[in-house]
Structures are given as C-alpha cells and as structure tokens.
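Structure at a glance
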Amino acid sequence: MQLAWHNILHDRTRFLVTVLGVLFAAFLMVFQGSLLAGFLRAASRFVEASDLDIWITARGVQAFEFGAPLQARVQELAAGVPGVVETGRACMAFAVYRKLDGQQQVVALVGADPNLGKHFPVPEMTERSDELSPESVTYDESDRGVLETVSLPARVEINGHRANIEEEVHGFGGFLGVPVLFTSYRNAARYLGFGQEEGMYIVARVAKGYSVLQVQHSLKQRLPEVDVLTRQEFAHKSRMYWVTKTGAGSAITTAAVLGFLIGLVVVSQTIYANTMENIEEYATLKALGASRKFVARIVVLQSLICGVVGSVFGLVAAVPATIFAKSFIPWIHTPEWLPLVIMAVSLLMCALASVASVRSSLAVDPGRVFRA
C-alpha cells in the first residue's frame, strides 16, 4: 500500500490526469443516470401518486397522459364487484390556458376525485380545502414563469371557463414540454367538455382481506371490454411506453447508455495508460526480486486509489450540477442508490482495467531497466 501511494505521488501530474479521467466518467454516468431515472419517475408519477390499488382504462391505453373516456356504467359495475370498497375517477387532457396578459398557452389539465390519495396534487385534498373555491386549480412551482402568475391567488381562463389559481405544489413539473394544471375531476370535466358521469380512468380500492389479484380477475370478467391493471402494472406500462415508443424516451435512454459506455471506456483507458507509463518502475521491482503477486498487487492498488479519488470528486461535482439542472429540467432525479452504484461500477472498471495492465507489467523484462 505504501509503495503504491509512493508511485502515485511521485508523479503528481500523471496522478491528476488519471483522477480527472475517472472524475469525468463518474460525473457523466451520474448525470445521465439521473436524467433517465427522473424521466422514468415522471412517466409514472401520476399513477404512483394515488394510493388506490386498481386502474381501469379504455382498451389499449398505453400511458396516463393519453387516456380515453369511459362510460358511467363502468364505474357502477366496478363498484359492485366483491372486494371493491370504493372507486374514484381521474383524467388528463390538453387545454388552452389564457394568461393574465391575454396570451394563450397549451397546458395539460389533470383532474381527480378527492379519494385518489393524499399525495395526488388536487386542491380538494389539501389541508386548506375548506378555503378553496369550486373553480380552484393548482400548478407546480417550476411552471410559475411559463404561466406568468405574478402573485396568488390569480384569476385565469381554461378553455374559456373561469378558474382561480390559489396555490402551488412541488414535484409535479411537466415533462411533456407544457405546464400541468391540477383540479378536481368535476372541474376538469367541465373545462374539457366531459360528461359529469364519465370517467377517463376509474380507480378502485381493494378492501382489507381481499387479494388485489383476485379482485383484478373479477373485474376483468365483469368488464371484458376495458383494461384492468394494478397500480404497479399501469405505472410500469406508462414507463415502458415513454421509454420504448417515443422519441424523447429513446433519446434519453440512448444518451444514458452512451454516457455509461463512454465513462467505462474513459476509466479503462486512463488506468491502462497510467500503468503503462510506470512500466519502468515495475521492471525495476522485478529486477530487485519482487514476486509476480507483489507487482500485481501494486498495480491493482494504484488503480483502485485513482478510482476512489476520481469517483468521489465526480460524485461531488455531479450533486450541484443536477441541482442546477432542476431549474430547467424539473423532473431530473438522482436516486439515493445511483451514486453508490456508479462508484462501485467505477471501481470495478478500474480493477478490470488494471488486469490488462497487470499482464503487461508481469510480462516486462527485468533486464530492460539495465538497458534504459
């Protein structure tokens, strides 16, 4: 260990270059991974924000953002299935929002009944629900500049209907390129022209003592003309739609994979080049009688030291970068496990890169040090 440190600090410029290479690789992998993780979370966040168990959609609906209205009888039939203790409705569609200065802006309007869950961002579900007007809507704070709401409350128009923006929510910034407004299902149906008894999505809660899968099977038998999915299934279906069937998802996924591969190549090449530049030192060790195992341990330790230092600095640099990126990419998200995984992968690649270096160092002729 001491000799490995001595070799590294002997040429600090070379050590700095190696650390910078690993730093860049770790930073790139964390940032691209955060983009992909945030996109996946944003693609299913409306479904996962509910705490009901089963989602009923029109046949063939691929994601929450692209639903189709269901007849009122679907909710009535679902409510009559044994094990269903309550039902609610949700919808999402695009609407025209008129700003305070009269300009128009396309928005995504999300409506839901109050029982969808306390985490679903609908006005009636907040602690101030008794103070909110029947025309109340909310929006995510990241869309404040686009909607141009200087102060709250603000009176606006949605599809020609009056609405009052009375508060903001956090964590639901739009990833569709347009702001998202939230309101009750009753208000959304009026703004969008739905029938008051129609539902784009019917959401059901399973009673205690009943299996979600059994109730799902019963609903499928009662309602063969619609899709009946558990909350987890619909969330997964939405994520897969956005990742595999849209240009945005494919581009982000491809960028994340390329960032990961580029990072691995940078780590491998940097560690290998660093080892080859020290080949004379390894020849000297062998000339002095060092064993093959001793030389290999020195090479691996040097690689791991460079990997640890570079990875730590890369992760430290990625934190403020992702925080800054949230100002214009509100859905970017770095899971707690991602930095640990990236560090582990970086160290693994440093170790694997050192394998090729070990072979070169072990194959070096000890006599070359006398010919130098």
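Each chain has its residues counted from 1, running along the sequence as written. Where totals are concerned, whole chains, interfaces and linings use all residues; where local detail is concerned, this predicted model gives features only for residues with pLDDT of at least 70, and gives and counts side-chain atom pairs only at 80 or more. Values reported for side chains reflect all heavy atoms of the structure, with hydrogen atoms and water molecules removed beforehand.

**Observations concerning the overall build of the protein**
Of regular secondary structure, the protein possesses 12 helices and nine strands. For the protein, the proportion of its 372 residues judged to be buried stands at 50%. Throughout, a contact is declared for two residues whenever any of their heavy atoms are within 4.5 Å. In the protein, once contacts between residues fewer than 6 apart in sequence are set aside, the share between residues at least 24 apart is 80%. For every accessible area listed, the method is Shrake-Rupley and the probe measures 1.4 Å; residues are considered covered only by the protein chains on display. For the protein, the accessible surface area stands at approximately 17600 Å², while carbon and sulfur atoms represent 61% of it. To qualify as a helix, a DSSP run of H or I must reach at least 4 residues; to qualify as a strand, a run of E must reach at least 2; elements of each kind are numbered from the N terminus. We call a residue buried when its accessible area falls under 20% of the maximum for its residue type, exposed when it is over 50%, and partly exposed in between, using a 1.4 Å probe and counting protein chains only.

**Let's talk about the packing of aromatic side chains**
Note on ring pairs: Phe, Tyr and Trp rings are taken, using the six-membered ring of Trp, and paired if centres are within 6.5 Å. Classes follow the plane angle, with under 30 degrees stacked, over 60 edge-to-face and the rest tilted. Under the defined criterion, the tally for this structure stands at 16 aromatic pairs. Taking the centre distance of 5.6 Å and the plane angle of 75° together, the rings of Phe 324 and Phe 328 count as edge-to-face.

**Overview of unusual backbone geometry**
A positive phi angle is found at Asn 159, which is not glycine, with a value near 50°. Residue position: Asn 159 is located in the loop between β5 (154–158) and β6 (161–169).

**Structural notes on the nonpolar core**
To form a nonpolar core, buried Ala, Val, Leu, Ile, Met, Phe, Trp, Tyr and Cys residues must be joined to one another through side-chain atoms within 4.5 Å. Of all hydrophobic cores here, the largest spans 62 residues; its most connected members are Phe 46, Trp 55, Ile 56, Phe 64, Phe 120, Ile 158 and Leu 219. With seven residues, strand β2 (residues 84–98) is the largest single contributor of residues to this core. Apart from the residues lying within four places of it in its own chain, the contact partners of Phe 46 are Trp 55, Phe 64, Glu 65, Met 92, Val 110, Phe 120, Phe 172, Val 180 and Phe 182. Within the second largest apolar cluster, 14 residues are counted, among which are Ala 42, Ala 43, Ala 63 and Ile 332.

**Considerations on a nonpolar patch on the surface**
A residue counts toward a patch only above 30% relative accessible area and without a salt bridge, and it is joined to like-charged neighbours within 9 Å or, for Val, Leu, Ile, Met, Phe, Trp and Tyr, to nonpolar neighbours within 5 Å. A pair is scored as a salt bridge if a Lys or Arg side-chain nitrogen falls within 4 Å of a carboxyl oxygen belonging to Asp or Glu. On the surface, a nonpolar cluster with roughly 510 Å² of combined accessible area is contributed by Phe 24, Val 257, Leu 258, Phe 260, Leu 261 and Ile 262. Counting residues per element, the nonpolar patch draws most heavily on helix α8 (residues 247–277), at five residues. Position of Ile 262 among the secondary structure elements: in helix α8. Residue Ile 262 is classed as partly exposed on the basis of its relative accessible area of 42%.

**Some thoughts on the side chain of Glu 65**
Here Glu 65 lies in the loop between β1 (54–58) and α3 (72–79). Of the polar contacts made by the side chain of Glu 65, one reaches the side chain of Trp 242; its length is 3.1 Å. Those residues within four positions of Glu 65 in sequence are excluded, and the remaining contacts are Ala 43, Phe 46, Met 92, Phe 175, Leu 176, Tyr 201 and Trp 242. Pairs of N or O atoms are called polar contacts if they sit within 3.5 Å, as long as, within protein, a hydrogen donor faces a hydrogen acceptor (for residues adjacent in sequence, only side-chain-to-side-chain pairs).

**Describing the pattern of salt bridges**
Considering all chains together, one arrives at nine salt bridges under this definition. We note a salt bridge from Arg 59 to Asp 227, for which the minimum N-O separation is 2.6 Å. A residue pair is termed long-range when its members are at least 10 positions apart, and Arg 59 in the loop between β1 and α3 and Asp 227 in strand β9 (residues 226–230) qualify at 168 residues. Accessibility expressed as a relative area gives 53% for Arg 59, which makes it exposed. Asp 227 sits in the buried class, given a relative accessible area of 11%. Taken together, the shared-partner salt bridges connect Asp 51, Glu 86 and Arg 205 into one network.

**Remarks on the packing of helix α2 (residues 12–49) against helix α10 (residues 292–325)**
Axis definition: a line fitted to C-alpha atoms, over the contacting stretch in the case of helices. Angles run 0 to 180 degrees between N-to-C directions. Interhelical geometry of α2 versus α10 gives an angle of 40° and a closest axis separation of 7 Å. Our classification of the angle between α2 and α10 gives oblique. Judged by the sense of rotation from one axis to the other, the crossing of α2 with α10 is right-handed. Think of it as three bins: nonpolar holds Ala, Val, Leu, Ile, Met, Phe, Trp, Tyr, Cys and Pro, charged holds Asp, Glu, Lys and Arg, and polar takes everything else, Gly as well. The residue inventory of the contact of α2 with α10, partitioned by class, reads 16 nonpolar, seven polar and no charged. To sort the angles, those under 35 degrees are grouped as roughly parallel, those over 145 as roughly antiparallel, those from 65 to 115 as roughly perpendicular, and the leftovers as oblique. Two helices crossing with the near one rotated counterclockwise from the far one by less than a right angle form a left-handed crossing, whereas a clockwise rotation gives a right-handed crossing.

**Quick word on the confidence of the model for the protein**
pLDDT measures the predictor's confidence residue by residue and takes values from 0 up to 100. Across the protein, the average pLDDT comes to 83, with 85% of residues at or above 70. The low-confidence segment residues 125–132, where pLDDT is below 50, has 17 contacts with residues more than four positions distant or belonging to other chains.

**Overview of the environment of Asn 159**
Exposure remark for Asn 159: the relative accessible area of 33% places this residue in the partly exposed category. Sequence-wise, Asn 159 and Tyr 191 are 32 residues apart; in three dimensions their C-alpha atoms are separated by 6.0 Å. Those residues in contact with Asn 159, other than ones at most four positions away along the chain, are Ala 95, Val 96, Tyr 191 and Leu 192.

**Quick notes on the pairing of strand β3 (residues 104–112)**
Among the nine residues of β3, seven are classified as buried, and the element is accordingly described as predominantly covered. Sheet topology places β2 next to β3; nine bridges connect them, and they run antiparallel. Each residue of the ladder has a partner; that of Tyr 97, found in β3, is Gln 105. Between the antiparallel neighbours β2 and β3 lie five residues, among them Gly 102 with a positive phi of about 95°. Two strands pair when backbone bridges link them, and β3 and strand β7 (residues 180–184) are joined in this way by five bridges, in the parallel orientation. In the strand pairing of β7, Gly 111 is matched with Thr 183. Strands are labelled as partners when DSSP assigns at least two bridges between them.

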